[in-house]
Amino acid sequence: MSLSMATPAFLIERNLDRCIHCQVCVRQCANEAHGYDHEEQRVYSDDMRCVNCHRCVVLCPTRALSVRQFPLEFRANANWTAEVIHNIYLQAATGGILLTGMGNDRPYPIYWDHMLINASQVTNPSIDPLREPMELKTFLGRKPEKIVIENGRLKEALPPQLELELPVMFSAMSFGSISLNAMKSLALAAEAEGTYYNTGEGGLHKDLYPLGHRTIVQVASGRFGVHPDYLAAGAAIEIKIGQGAKPGIGGHLPGEKVGREVSETRMIPEGTDALSPAPHHDIYSIEDLRQLIYSLKEATNYSKPVSVKIAAVHNVAAIASGIARAGADIIAIDGYRGGTGATPLRTRDHVGIPIEFALAAVDSRLRDEGIRNQVSLVVAGSIRHSADIVKAVALGADAVYIGSAALIALGCHMCQKCYTGKCNWGIATQDPNLTKRLNPEIGAKRAANLLKAWKHEIKEMLGGMGINALESLRGNRLMLRGIGLTDRELNILGIKAAGE
Amino acid sequence: MVTIDSRGIYYRDLNRMIKQAINDGAGEVVLKNVNGQRYIGDGLRGSQRIVIEGTPGNDLAAYMDGLEILVKGNAQDGVANTMNDGTVVIYGDAGDTMGYAMRGGQVYVRGHAGCRVAIHMKEYQDKVPLMVIGGRAGDFLGEYMAGGILVVLGLGLQPGEDIVGDFCGTGMHGGVMYIRGQVADYQLGREVKLVSLDEGDYQRLHAIVQRFAGYFRLNTSRIMAEPFHKLIPYNKRPYGDLYAKA
């Protein structure tokens, strides 16, 4: 065994004047960063084990703890940074693929922060949403070419639609990657606020069937838990082709996370790896995708919209056009900042494109081809707050998916260690001692509060623009101006520069 | 019994007629002159029987849960895609990706099968899917296979013809294949190994072959007289050591 080069990433600072050695930190840390010395009758810390999830800091009754970056520095080097060096040490020791969780954390430009929203002044007066009606209702699904009214009624039935009270849904996160209590929290919040959550590819737990009408059920390459009851239970079906955090690769849920309940829900034996192949092995073309879309429509008697989720990649506009023509009712596009429970670090940080560009390119392409009405666009991949949503809708999105933001509402502290299964906040874990820390009713309340707050903020910004229905903002890029962008970037986003 | 002449009927209409007949209580639906209509039996649940005369299109018996489908002809791609339960009997050949993610039920093919067959076939509790291919199968047989029983009999092979293609069992991490004939090492995925059969295997195979032979009026003992090879994965976690956990 060679010398380990590993050094701590974080420094646990314990204020000994405040610490009463009560061992709350010891009990709270699944990573065992805190311990208790029975002989000395005092708690101690092991920096090496700390992931900086703040659990102990938040729960310490005397505020004795804090955590910061471990102050060890290499000789200053802008090229060979500490992170690069540490990752080489780790790979030299293990020979393994670097694994991480959550979304891309590299300092690429955030284009949301380079767009500014318009407001009315003097003419076209602004609207006060506290006193006047403001419509955020959103329908997702194929819209007909034209509407024919006969005897005061629609002549033909509309294609199936999802009805959202606000243009926000919870992203696909599977039971297995997150806990059942986390899923229940999101499902109950979706029910309370009139939107939808998404099973991911982990199947639908039996406790969640009563909320099937708030569920988008996913069909991915592993087809875990996909059976007739599952397809019938959901309000819509989503075919997962790709995911922003790991475009082009599949997923491996490690066997140690496949306990009894995950096994029942995914319908695979306990303890086996749940391997999702990178491609669907029956999809090699747009025609093949059409076949899967229509097999699902046939199986559910054309009663539900079918969504196709892809990662935002270089040719996303052409791909989306193909998906629309393949018969999808909704296209979900996940940008390169999209989160996940586990992904290879290099793929997460270096593959894919920003959702802002992907959205603008896809919306423009579908409009140019005259098929924008055939699909609804849902975008994801780091929607952080209500202004991001307003900008997304103005760029052309029908709705957004939020994943990381929803988990942060439940208590996630973005430590990026979801893949270890030791989430101290009870979210990305199946350990019953940890999952019980997340009460689904409290979680639901917090997630619903976030949606409520964002709903008010969206209405405020809409009213400020003098717009009283979200539909009037959709694809209304005149409501955006770019700041600090090149001509080329402005061009792709289809917006003018601030001041123009 | 309800008989439907399928000639020239669009698949969506045909499938609506089949569902209507079954909802009206038909125990057996006979489809005559089937010519490429897709999705027959897709998502249907029950114990009825559908007899197909002709060539059904892709995704026959996809997501199906319990019915019996007899195909008096060849089948195309995607037979028994994600099938949960039921039986599909094909008197001719079958195309690619048959049994993708199939979780339960049985498929018997008298003739040959295409590529990427039984990919990600899985099993769960009492659900152990069974697929028997009378002739040969193409490349990537049983790729990512996670459970179930796959039997390839190699009946009617020409001299020098391989019983399976390349990359057989790549990524396989569950279930078992029985192959009646030789498989060269280079044809195998890295995650599988050839082992010899024990008495229990032969008893199990005998019962399977007997059912197969019953459908197609073949002689069980003549089929069983040739040696079989058994293919199993090295372990159920082929990629357990792939990652470095910081």
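Definitions and cut-offs
Residues numbered from 1 in each chain as written. Chains lettered and ligands numbered in written order. Predicted model: local features only at pLDDT ≥ 70, side-chain atom pairs only at ≥ 80, totals over all residues. Heavy atoms only, no water. Helix = DSSP H or I, 4+ residues; strand = E, 2+ residues; numbered from the N terminus. Expected span 1.5 Å × (residues − 1). Buried < 20%, exposed > 50% of the residue type's maximum accessible area, 1.4 Å probe, protein only. Contact = heavy atoms within 4.5 Å. Patch = residues over 30% accessible without salt bridge, like charges linked within 9 Å, V, L, I, M, F, W, Y side chains within 5 Å. Areas by Shrake-Rupley, 256 points an atom, 1.4 Å probe, with all protein chains shown as cover. Salt bridge = Lys/Arg side-chain N within 4 Å of Asp/Glu carboxyl O. Domains from an automatic or database assignment. Buried area = accessible area lost by both parts, 1.4 Å probe. Polar contact = N/O pair within 3.5 Å; in protein donor to acceptor, adjacent residues only side chain to side chain. Nonpolar A, V, L, I, M, F, W, Y, C, P; charged D, E, K, R; others polar. Axes fitted to C-alpha atoms, helices over the stretch in contact; angles between N-to-C directions. Parallel < 35°, antiparallel > 145°, perpendicular 65-115°, else oblique. Left-handed = near helix turned anticlockwise from the far one by under 90°.

### Here's the deal with helix α3 (residues 82–94) of chain A
So, step 1. Taking 1.5 Å of rise per residue, the 13 residues of α3(A) would be expected to cover 18 Å, and the 18 Å separating its terminal C-alpha atoms lies within 8% of that figure.
So, step 2. Ile85(A), Asn87(A) and Leu90(A) are the residues of α3(A) that are buried.
So, step 3. Buried residues belonging to α3(A) abut β5 (97–100) and α9 (345–350) of chain A together with β12 (243–244) of chain B.
So, step 4. Positive phi shows up at Gly95(A), right after α3(A), with a value of about 70°.

### Some points on a nonpolar patch on the surface
So, step 1. Residues Ile147(A), Ile149(A), Leu154(A) and Leu158(A) make up a contiguous nonpolar surface patch of about 390 Å² in total accessible area.
So, step 2. Along the chain, Leu154(A) falls in strand β9 (residues 153–154).

### Here we look at the domain arrangement of chain A
Residues and elements named next belong to chain A.
So, step 1. What the domain assignment lists for chain A is domain 1 (10–96) and domain 2 (115–497).
So, step 2. If you average the C-alpha positions of domain 1 and of domain 2, the two centres end up 35 Å apart.
So, step 3. Of the residues lining the interface, 12 residues belong to domain 1; the matching set on domain 2 comes to 10 residues.
So, step 4. Taken together, both faces of the contact between domain 1 and domain 2 bury some 1,100 Å²; the carbon and sulfur share is 53%.
So, step 5. When the buried area of domain 1 at its contact with domain 2 is split by residue, Ala 30, Cys 53 and Arg 55 rank highest and sum to 44% of it.
So, step 6. Our count for the domain 1 to domain 2 interface comes out at zero salt bridges.
So, step 7. Along the contact surface separating domain 1 from domain 2 lie four residue pairs in polar contact (both at pLDDT 80 or more).
So, step 8. Of all the secondary structure elements, the ones that give two or more residues to the side of domain 1 that touches domain 2 are α1 (24–28) and α2 (55–59).
So, step 9. Classifying every residue of the side of domain 1 that touches domain 2 by side-chain character gives five nonpolar, five polar and two charged.

### Re the packing of helix α7 (residues 286–299) of chain A against helix α8 (residues 316–325) of chain A
Helix packing geometry: the angle between the two helix axes and the distance between the axes.
All names here are of chain A.
So, step 1. It is at 9 Å that the axes of α7 and α8 come closest, and there the two elements cross at 45°. It follows that α7 is oblique to α8 by the angle criterion. As α7 runs across α8, the sense of the crossing is right-handed. Counted together, Ile 286, Leu 289 and Arg 290 of α7 and Ile 319, Gly 322, Ile 323 and Arg 325 of α8 form the full contact between these two elements.
So, step 2. Residues belonging to the contact of α7 with α8 are distributed by class as follows: four nonpolar, one polar and two charged.

### Quick notes on the environment of His205(A)
Residue and element names in this part refer to chain A.
So, step 1. In this structure, His 205 sits in the loop between β12 (197–198) and β13 (215–219).
So, step 2. Take His 205: its relative accessible area is 2%, and that puts it in the buried class.
So, step 3. Those residues in contact with His 205 that sit more than four places away from it in its chain are Phe 175, Leu 180, Glu 261 and Thr 265.
So, step 4. In this structure the side chain of His 205 is engaged in a polar contact, spanning 3.0 Å, whose partner is the backbone nitrogen of Asp 207.
So, step 5. At 2.4 Å, the side chain of His 205 and the side chain of Glu 261 are in polar contact.

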